[in-house]
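# Structural characterization, general
For reference, the chains in residue letters:
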Amino acid sequence: MQLILRPYTLKLRHTFTISRESRDEQGSLIVELKQDGISGYGEATENPYYKIGIAEMTHDLEQLAPLIADSSGMTPEDFWEIMHSKLSHNMFALCALDLAYNDWYAKKEGKKLYELWNYDISNNPLTDYTIGIDTIEKMVSKMKEMPWPIYKIKLGTNQDIAIITELRKHTDAVFRVDANCGWTADETIANAIALKELGVEFIEQPLPADDWEGHKKVFEHSVLPIIADESCQVEADVEKCYKNFHGVNVKLTKCGGLTAARRMLVKARQLGMKTMVGCMTESTVGISAIGHLLPLLDYVDMDGALLLSEDIATGVRIEDGAIFYSELNGTGVALIS
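Here the structure is a predicted model, which is why all the values come from computation and not from measurement.

### Here we look at the layout of surface pockets
Looking at the largest pocket, its volume works out to about 360 Å³. Lining of the largest pocket is provided by 28 residues; of these, Phe16, Arg23, Cys279, Met280 and Thr281 occupy positions nearest its centre. Elements supplying a minimum of two residues to the lining of the largest pocket: strand E1 (2-18), strand E2 (21-35) and strand E5 (150-154). Sorting elements by how many residues they give to the lining of the largest pocket places E2 first, with five residues. Of the residues belonging to the lining of the largest pocket, the class tally is seven nonpolar, eight polar and 13 charged.

Below, the structure written as structure tokens:
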């Protein structure tokens, strides 16, 4: 099995700002696994918060080329276990590799990935569309530019309630808010009261990831559900989040790909928690992989490719929040040459 690595710089439609950073472009690494005329594709993006770059991912994956070369007879689960033993320090690289192998394996079996997993896609949730932090006027403009049934609004400013109050004047869409660790426990409890009145569905990761005393306080007193993101990175974190959050947002890059994400989502549902998968401004390569997890989800944030000025692949298609699968097998991805 041949390993092919392709670095890209993805240009964004608008400057994307959250509580801790702004960016106009997104570095991304595409992994291709190729054998018997079949190619599988995976992706992981750079992320300064998690101290992951293209160079680190490339170095770590190139070291595994000889091991990957002899891996084509494995199930995706066995492949993940072996690669995790070598890449536990770099889950982003493991994610790209896992996505590519799942795509390749399903194509080899002649099935779409959700078919291979025997998932029922008849009740898939809609994806939200993200509005990054900006001036209130520009946030309204971005929302009007992309009419959508569900918006995820990035917060963590000194005018958060004013932002949602103004946005609410321009749409009846469902709102979700994501503070990206930008609030305190008391702020969250107070904000939740106002946000609930403004039609917000839930709050994502309001506190710093390791503030477990604060998470417990918010869990017990917030009038809105609280969804973990930065506090839920790998499989062991799901149980840690139980009774500290109402649900978990699983990111493929943080947990090491589809194989681990499926286990995390099943565990969360067993614990009675809400399930969500989010994206990291990936191209359609990474977004298409997320699409095959939809039957396991209550909520999904897979708008990453919609935030790009130009995509690098075809795959799942998104219209008004609804996801339509490619006719191709696997994750349905094909690179645009």
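### Thoughts on the sheet that holds E2
Strands sit in the order E1-E2-E3 across an open sheet of three strands; the sheet is antiparallel. With partners counted over all chains shown, the strands left at the sheet margins are E1 and strand E3 (38-45), one partner each. Neighbour-to-neighbour, the strand axes of this sheet turn through a mean angle of 25°, independent of strand direction. Where E1 lies against E2, 13 bridges are found, and the strand directions are antiparallel. Bridging from a neighbouring strand, Leu3 pairs with Leu33 of E2. Each of E1, E2 and E3 touches helix H1 (residues 54-62); the most contacted strand, E2, lies at about 15° to it.

### Re the pairing of strand E6 (residues 174-178)
Taking burial as the measure, the five residues of E6 include four buried ones, the bulk of the element. Alignment of E5 against E6, held across five bridges, turns out to be parallel. Note on E6: the bridge partner recorded for Ile153 is Val177. For the segment spanning E5, helix H7 (residues 160-168) and E6, crossover handedness is right-handed. As judged from the three bridges shared by E6 and strand E7 (residues 200-204), these two strands associate in the parallel manner. In the strand pairing of E7, Val177 is matched with Ile203. The parallel pair E6 and E7, bridged by helix H8 (residues 185-197), forms a crossover whose chirality is right-handed.

### Remarks on the side chain of Gln205
Turning to its location among the elements, Gln205 is positioned in the loop between E7 and helix H9 (212-221). Residue classification places Gln205 among the buried residues on the basis of a relative accessible area of 0%. Reaching out from Gln205, the side chain makes a polar contact with the backbone nitrogen of Asp229 at a distance of 2.8 Å. With sequence-adjacent residues up to four places away left out, Gln205 is seen in contact with Asp178, Ala179, Asn180, Cys181, His215, Ile227, Ala228, Asp229, Glu230, Ser231 and Phe245.

### A closer look at the sheet that holds strand E10 (residues 274-278)
The eight strands lie next to each other as E4-E5-E6-E7-E8-E9-E10-E11, forming an open sheet whose pairing is parallel. Bordering the open sheet on either side are strand E4 (129-131) and strand E11 (299-301), each of which pairs with just one other strand. Across the sheet, the mean angle separating the axes of adjacent strands is 25° when strand polarity is ignored. Bridge count for strand E8 (residues 226-228) against strand E9 (residues 247-251) is two bridges, and the pairing is parallel. Following the sheet pairing, Ala228 is matched in E9 by Val248. Sitting on the sheet, H7 is in contact with E5, E6 and E7, with an inclination near 160° to E6. Docked against the sheet, H8 engages E6, E7 and E8, running at close to 160° with respect to E7.

### Points about empty space enclosed by the protein
With the rule as written, the count across this model stands at one cavity of 30 Å³ or more. Within this model, the largest cavity holds a volume of roughly 130 Å³. In this structure, the largest cavity is lined by Leu12, Arg13, His14, Thr15, Phe16, Tyr129, Thr130, Ile131, Gly132, Lys142, Glu145 and Leu307. For the lining of the largest cavity, the secondary-structure elements that each account for two or more residues are E1, E4 and helix H6 (136-145). Looking at the lining of the largest cavity, the element that brings in the most residues is E1, giving five residues. Considered class by class, the residues forming the lining of the largest cavity number five nonpolar, four polar and three charged.

### With respect to the environment of Asp320
In this structure, Asp320 sits in the loop between strand E13 (317-319) and strand E14 (322-324). Considering only alpha carbons, one finds Asp320 and Pro149, 171 residues apart in sequence, at a separation of 6.7 Å. In this structure, Asp320 is in contact with Leu126, Pro147, Trp148 and Pro149, ignoring residues within four places of it in sequence.

### Some details on the pattern of salt bridges
The final tally for this structure, using the stated rule, is 23 salt bridges. Of the charged contacts, one joins Lys251 and Asp229 as a salt bridge, the two residues approaching to 3.0 Å between their closest N and O atoms. Residue Lys251 is located in strand E9, and its partner Asp229 is located in the loop between E8 and helix H10 (237-241); the two are separated by 22 residues in the primary sequence. Judged by its relative accessible area of 2%, Asp229 is buried. Salt bridges sharing partners connect three or more residues here, namely Lys152, Lys154, Asp178, Glu204 and Asp301.

Rules and cut-offs
- Residues numbered from 1 in each chain as written.
- Predicted model: local features only at pLDDT ≥ 70, side-chain atom pairs only at ≥ 80, totals over all residues.
- Heavy atoms only, no water.
- 1 Å grid on protein atoms, 1.4 Å probe; cavity = no way out; pocket = protein on both sides within 12 Å on 5 of 7 lines; lining within 4 Å.
- Points joined across faces, edges and corners; volume = space filled by probe spheres on them.
- Helix = DSSP H or I, 4+ residues; strand = E, 2+ residues; numbered from the N terminus.
- Nonpolar A, V, L, I, M, F, W, Y, C, P; charged D, E, K, R; others polar.
- Pairing = 2+ DSSP bridges.
- Axes fitted to C-alpha atoms, helices over the stretch in contact; angles between N-to-C directions.
- Contact = heavy atoms within 4.5 Å.
- Buried < 20%, exposed > 50% of the residue type's maximum accessible area, 1.4 Å probe, protein only.
- Right-handed = clockwise from strand over helix to strand, strands pointing away.
- Polar contact = N/O pair within 3.5 Å; in protein donor to acceptor, adjacent residues only side chain to side chain.
- Salt bridge = Lys/Arg side-chain N within 4 Å of Asp/Glu carboxyl O.

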